[in-house]
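Summary of structural features
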Amino acid sequence: DAGITQSPRHKVTETGTPVTLRCHQTENHRYMYWYRQDPGHGLRLIHYSYGVKDTDKGEVSDGYSVSRSKTEDFLLTLESATSSQTSVYFCAIRTGTNSPLHFGNGTRLTVT
Amino acid sequence: GQQLNQSPQSMFIQEGEDVSMNCTSSSIFNTWLWYKQDPGEGPVLLIALYKAGELTSNGRLTAQFGITRKDSFLNISASIPSDVGIYFCAGQLGAGTYKYIFGTGTRLKVLA
């Protein structure tokens, strides 16, 4: 158990509304990631963080922003949700630069 | 962009049979990871491989890091019903990098 909690676990929202997903970790790991998972695609990186207030874009970052004001929390925001952002979102952590990723249990987001 | 080809996409096997799946790429990877994902949950790390040619076991699971560094294999021996799920490979591009490429998964179904 990597001590990762994602909230909410499920959310339905309307197109154009803002949405924030939260990832909370209990073990002060430096590296945190947000991925999305869609049928036919492998997990794809949205944004990642390598420390408090240190974040960078992944391969599918358009339409998403992140914030990390505390080590334990990494927030993913959809400023104006679109139907193409319907997906399952996973947070992951790494304990060190050469350590593997450990995932949370995901948030299923539906944008209607 | 880089891609991981994971095969087979799905397989039905009888309980007790051995299972093999693999991932190949045109890119060279520094690390290979294998995950299992159950419905409604996040991927769980099974095996991590860090060196070309490395062969690592975890119970009935054995994985190998290909000597070309472009492929990896996962074998499951004497399958049981709880092996059902989706198995993902992931390759890390470069030591210490944030960048992982994920396969699209092998869906395993075990017939009792």
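Residues numbered from 1 in each chain as written. Chains lettered and ligands numbered in written order. Predicted model: local features only at pLDDT ≥ 70, side-chain atom pairs only at ≥ 80, totals over all residues. Heavy atoms only, no water.

What follows covers the overall build of chain B. Summing up its helical and strand segments, chain B has 0 helices and 11 strands in all. Tracing chain B from N to C terminus, the helices and strands come up as β-β-β-β-β-β-β-β-β-β-β. Whereas a compact globule of 112 residues would reach a radius of gyration of roughly 13 Å, chain B reaches 13 Å, a difference of no more than 12%. Out of the 112 residues in chain B, the part that is buried amounts to 46%. Restricting to contacts in chain B with at least 6 residues of sequence separation, those with at least 24 account for 54%. When the accessible surface of chain B is summed, it comes to about 5200 Å², and 50% of that surface belongs to carbon and sulfur atoms. (Helix = DSSP H or I, 4+ residues; strand = E, 2+ residues; numbered from the N terminus. Rg over C-alpha atoms; globule rule 2.2 N^0.38 Å. Buried < 20%, exposed > 50% of the residue type's maximum accessible area, 1.4 Å probe, protein only. Contact = heavy atoms within 4.5 Å. Areas by Shrake-Rupley, 256 points an atom, 1.4 Å probe, with all protein chains shown as cover.)

Paired through backbone hydrogen bonds, the strands of a sheet run either parallel or antiparallel to each other. All names here are of chain A. Ordered by their spatial adjacency, 4 strands build an open sheet running E1-E3-E8-E7, and the pairing between neighbours is antiparallel. On the outer flanks of this sheet lie strand E1 (4–7) and strand E7 (64–70), each paired with one strand and no other. Taken over all neighbouring pairs, the strand axes of this sheet differ in orientation by 20 degrees on average, direction set aside. By the bridge criterion, 4 bridges tie E1 to strand E3 (residues 19–25) in an arrangement that is antiparallel. (Pairing = 2+ DSSP bridges. Axes fitted to C-alpha atoms, helices over the stretch in contact; angles between N-to-C directions.)

Residues and elements named next belong to chain B. Strand order in the open sheet made by the 5 strands is E1-E3-E8-E7-E6, with antiparallel pairing throughout. Strands at the two margins of the open sheet, each flanked by one partner only, are strand E1 (5–7) and strand E6 (55–58). Neighbour-to-neighbour, the strand axes of the sheet open up by a mean angle of 15 degrees, direction not taken into account. Inspection of the sheet shows strand E7 (residues 61–65) paired to strand E8 (residues 71–76) by 5 bridges, in the antiparallel sense. Following the sheet pairing, Gln64 is matched in E8 by Phe73.

Here we take up the pairing of strand E9 (residues 87–94) of chain A. Residues and elements named next belong to chain A. Of all 8 residues making up E9, 8 are buried, and the element is well covered by its neighbours. Of the two faces of E9, the one carrying Ser87, Tyr89, Cys91 and Ile93 and the one carrying Val88, Phe90, Ala92 and Arg94 are both buried. When strand E4 (residues 31–37) meets E9, the two strands line up antiparallel, connected through 7 bridges. Within E9, the position partnered with Tyr33 by the bridge is Ala92. In this sheet, strand E11 (residues 107–111) lies alongside E9 in antiparallel orientation, the contact comprising 3 bridges. Across the sheet, the residue bridging to Ser87 is Leu109, located in E11.

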